[in-house]
Amino acid sequence: MAQKKRHGWICLALWAILIAAGIIGKRVFYQPDLVVFFHLPAAVMLVLGWYLLSADVRRRYAKTCAEMLRAKTSPVTKETH
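Anyway, here's the lowdown on the structure attached to this text. Everything numeric here is computed off the predicted structure, so don't read it as measured data.

## Some remarks on the pattern of salt bridges
Using the criterion set out here, one finds two salt bridges in the structure. Notably, a salt bridge pairs Asp56 with Lys5, separated by 3.3 Å at the nearest N-O pair. With a gap of 51 residues between them, Asp56 in helix α3 (residues 55-73) and Lys5 in helix α1 (residues 2-27) connect regions that are remote in the sequence. The class of Asp56 is partly exposed, set by a relative accessible area of 22%. Take Lys5: its relative accessible area is 32%, and that puts it in the partly exposed class. The shortest N-O distance in the salt bridge between Asp56 and Arg59 comes to 3.0 Å. Of this pair, Asp56 and Arg59 are both found in helix α3, three residues apart, which corresponds to roughly one turn of the helix. When salt bridges that share partners are traced, they join Lys5, Asp56 and Arg59 into one network.

Here you go:
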């Protein structure tokens, strides 16, 4: 689990680096054509990073949904006095 979180944070760090590199390439080196080579991989890193970091939240949500569905579909037992 910790390994996936580490990979998630690495992906987000790469996202920030790639975005900064694209901006620097455009503004400093006057190469706006190269921005796409930085920003498209950065988009992939952003999605992958948040996918890995949100795994626990999604797992808890699925568990809660399963419990609610089980409670909704289970027969109700009434105690008789």
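From this point, the discussion proceeds with the structure in view.
## Section: the packing of α1 against helix α2 (residues 35-53)
α2 packs onto α1 with a crossing angle of 160° between their chain directions and a minimal axis gap of 8 Å. Comparing their axes, α2 and α1 come out roughly antiparallel. Seen from above, α1 lies across α2 with left-handed handedness. Counted by class, the contact of α1 with α2 contains 19 nonpolar, five polar and three charged residues.

Conventions we followed
Residues numbered from 1 in each chain as written. Predicted model: local features only at pLDDT ≥ 70, side-chain atom pairs only at ≥ 80, totals over all residues. Heavy atoms only, no water. Salt bridge = Lys/Arg side-chain N within 4 Å of Asp/Glu carboxyl O. Helix = DSSP H or I, 4+ residues; strand = E, 2+ residues; numbered from the N terminus. Buried < 20%, exposed > 50% of the residue type's maximum accessible area, 1.4 Å probe, protein only. Axes fitted to C-alpha atoms, helices over the stretch in contact; angles between N-to-C directions. Parallel < 35°, antiparallel > 145°, perpendicular 65-115°, else oblique. Left-handed = near helix turned anticlockwise from the far one by under 90°. Nonpolar A, V, L, I, M, F, W, Y, C, P; charged D, E, K, R; others polar.

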